[in-house]
Amino acid sequence: MSSKIYKSASRAAKSLLSSASKHKHHVVSEGRTVAASTAISLKGTLPALASIKRDNTSNTWIVGALALPAAAYMLQDQEAHASQMERTFIAIKPDGVQRGLISEIISRFERKGFKLVAIKLVVPSKSFAQKHYHDLKERPFFNGLCNFLSFGPVLAMVWEGEGVIRYGRKLIGATDPSKSEPGTIRGDLAVVVGRNIIHGSDGPETAKDEINLWFKPDELTNYTCNQEKWVYGVN
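Residues numbered from 1 in each chain as written. Predicted model: local features only at pLDDT ≥ 70, side-chain atom pairs only at ≥ 80, totals over all residues. Heavy atoms only, no water.

(A) Fine view of the overall build of the protein. Check the secondary structure of the protein and you find 11 helices and 7 strands. Looking at the protein as a whole, 40% of its 235 residues qualify as buried. Of the contacts made within the protein by residues no fewer than 6 positions apart, 77% connect residues no fewer than 24 positions apart. Just so you have it, the protein exposes about 13700 Å², and 54% of that area is on carbon and sulfur atoms. (Helix = DSSP H or I, 4+ residues; strand = E, 2+ residues; numbered from the N terminus. Buried < 20%, exposed > 50% of the residue type's maximum accessible area, 1.4 Å probe, protein only. Contact = heavy atoms within 4.5 Å. Areas by Shrake-Rupley, 256 points an atom, 1.4 Å probe, with all protein chains shown as cover.)

(B) Here's a closer look at the sheet that holds strand E5 (residues 115-122). What the 4 strands build is an open sheet, ordered E5-E6-E4-E7; its pairing is antiparallel. At either end of the open sheet lies a strand with only one pairing partner, and these are E5 and strand E7 (198-200). Within the sheet, the average angular offset between the axes of one strand and its neighbour, ignoring direction, is 15°. Sheet analysis places E5 next to strand E6 (residues 154-161), joined by 7 bridges and oriented antiparallel. Note on E6: the bridge partner recorded for Leu116 is Trp159. Packing against the sheet, helix H8 (residues 164-172) makes contact with strand E4 (86-92), E6 and E7, and its axis sits at approximately 25° to E4. In the packing of helix H10 (residues 204-214) onto the sheet, the strands contacted are E4, E5, E6 and E7, and the crossing angle to E4 comes to about 60°. (Pairing = 2+ DSSP bridges. Axes fitted to C-alpha atoms, helices over the stretch in contact; angles between N-to-C directions.)

(C) Representation of helix H5 (residues 102-112) within the structure. Ile105, Ile106, Ser107, Arg108 and Phe109 are the residues of H5 that are buried. Looking at the packing, one finds that the buried side of H5 touches E4, E5, E6, H8, helix H9 (185-189) and E7. After H5 finishes, the residue Gly113 shows a positive phi value of roughly 115°.

(D) Geometry of the layout of surface pockets. As a volume, the largest pocket reaches approximately 650 Å³. Along its surface, the largest pocket is lined by 28 residues, and Tyr133, Asp135, Leu136, Leu145 and His199 are the ones closest to its centre. Secondary structure elements with two or more residues in the lining of the largest pocket: helix H6 (126-132), helix H7 (142-149), E7 and H10. When residues in the lining of the largest pocket are grouped by element, the largest group, 5 residues, is from H10. Partitioned by chemical class, the residues of the lining of the largest pocket number 7 nonpolar, 10 polar and 11 charged. (1 Å grid on protein atoms, 1.4 Å probe; cavity = no way out; pocket = protein on both sides within 12 Å on 5 of 7 lines; lining within 4 Å. Points joined across faces, edges and corners; volume = space filled by probe spheres on them. Nonpolar A, V, L, I, M, F, W, Y, C, P; charged D, E, K, R; others polar.)

(E) Main features of the nonpolar core. Membership of the largest hydrophobic core comes to 20 residues, with the highest contact counts inside it found for Ile105, Phe109, Trp159 and Ile198. Among the secondary structure elements, those contributing two or more residues to this core are E4, H5, E6, H8 and H9. Counting residues per element, this core draws most heavily on H8, at 4 residues. With sequence-adjacent residues up to four places away left out, Ile198 is seen in contact with Ile90, Ala91, Ile92, Lys93, Ile105, Phe109, Ile172, Ile185 and Arg186. Within the second largest apolar cluster, 16 residues are counted, among which are Ala91, Ala118, Cys146 and Ile211. (Core = buried A, V, L, I, M, F, W, Y, C linked by side-chain atoms within 4.5 Å.)

Rendered as structure tokens:
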């Protein structure tokens, strides 16, 4: 609800600015200080819009400080939108790294519109691999799986975006490359299950656990990407 309110406020503010510009009048506010302080003090509360009046002596439109800080409302809207984003853990396994597929795989996530918020190249120990695959410890292939993950460098990543967990799995393809659709990473780049080049979280709880296992909190970055308004329509 708050996101919709802020969007409406942002649109109204921009419309007012546009109208004033077309009529060659000047919109006067309290300046950057008011906008910044308002953005900090609002904390999800939308103040009533002040009145807008015209000063006939100077042919100027005067807008009350709380009527517009457009930048403040747009900032609040972006923050509300960012809170809706989810994150997933993606790892390029040793075979993907050794085959030189890092840039190919990263580019597919970038072209989709997802945002990279953490990345590092590591060689996990076998004990670490066992923690990663703990849910498969009863399977007969568990030991071989852990040996392989710890065989060489793994590119660990965290990607952010709306629906990134579900869409990430679609980009990756089925566990068995022979059953993966053309156009998916495994469908295009892998042949057998034992060398399927990439791992992706299969759900929100798994993503949270895997991100916490592979990354420290200070290794995760938070930033606004310029392309987001073109991907999600945030204006």
